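One-letter residues, chain by chain:
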Amino acid sequence: MRTEMGISQEELAYRCDMQPSHIGQIERGQKNPTLVTLEKLAQGFNTTVSDLTDFDKNPAIPNDKTMNKIVSYLYKLNDKEKSQVLNIVKTFIER
């Protein structure tokens, strides 16, 4: 999911309040995530633990590079800025 979103291990670690090295160890299969770690990862991916662990479903994050780049930028905004972006997006949809 991280690579599909186009974000680095460092960015994901920041979003999850984890160490980048821990993210790398999980990705390489050197460590298995605990439930607490899965909850942090779900928060970082803006999804649920259930979606992270449901391998029969479609991925929680679609493989759409443009959308993933937009989401990556949105994570850097504060709540007020996110609300402003939402209002802008609504104007396109409600035409």
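These numbers come from a predicted model, not from an experiment. (Residues numbered from 1 in each chain as written. Predicted model: local features only at pLDDT ≥ 70, side-chain atom pairs only at ≥ 80, totals over all residues. Heavy atoms only, no water.)

### Observations regarding the packing of helix α2 (residues 9–16) against helix α4 (residues 35–44)
Thinking step 1. Where α2 contacts α4, the two axes come as close as 8 Å, and the packing angle between them is 110 degrees. Judged by the inter-axis angle, α2 sits roughly perpendicular to α4. Residues Leu 12, Arg 15 and Cys 16 of α2 form the contact with α4, whose own contacting residues are Lys 40, Leu 41 and Gly 44.
Thinking step 2. Its residues placed into classes, the contact of α2 with α4 shows 3 nonpolar, 1 polar and 2 charged. (Axes fitted to C-alpha atoms, helices over the stretch in contact; angles between N-to-C directions. Helix = DSSP H or I, 4+ residues; strand = E, 2+ residues; numbered from the N terminus. Parallel < 35°, antiparallel > 145°, perpendicular 65-115°, else oblique. Contact = heavy atoms within 4.5 Å. Nonpolar A, V, L, I, M, F, W, Y, C, P; charged D, E, K, R; others polar.)

### Here we look at a nonpolar patch on the surface
Thinking step 1. A grouping of Ile 88, Val 89, Phe 92 and Ile 93 is seen on the molecular surface, where their side chains present a nonpolar patch of about 430 Å² in accessible area.
Thinking step 2. If you trace the backbone, Val 89 turns up in helix α7 (residues 79–93).
Thinking step 3. Among the residues examined, Val 89 registers a relative accessible area of 38% and is labelled partly exposed. (Patch = residues over 30% accessible without salt bridge, like charges linked within 9 Å, V, L, I, M, F, W, Y side chains within 5 Å. Areas by Shrake-Rupley, 256 points an atom, 1.4 Å probe, with all protein chains shown as cover. Salt bridge = Lys/Arg side-chain N within 4 Å of Asp/Glu carboxyl O. Buried < 20%, exposed > 50% of the residue type's maximum accessible area, 1.4 Å probe, protein only.)

### A closer look at the pattern of salt bridges
Thinking step 1. Applying the stated rule across the entire model yields 2 salt bridges.
Thinking step 2. Residues Arg 2 and Glu 27 are paired through a salt bridge, measuring 2.5 Å at the closest nitrogen-oxygen approach. Of this pair, Arg 2 sits in helix α1 (residues 2–5) while Glu 27 sits in helix α3 (residues 20–27), and the two are 25 residues apart along the sequence.
Thinking step 3. Residue classification places Arg 2 among the buried positions, given a relative accessible area of 13%.
Thinking step 4. For Arg 15, the salt bridge goes to Glu 11, with nearest N and O atoms at 3.1 Å.

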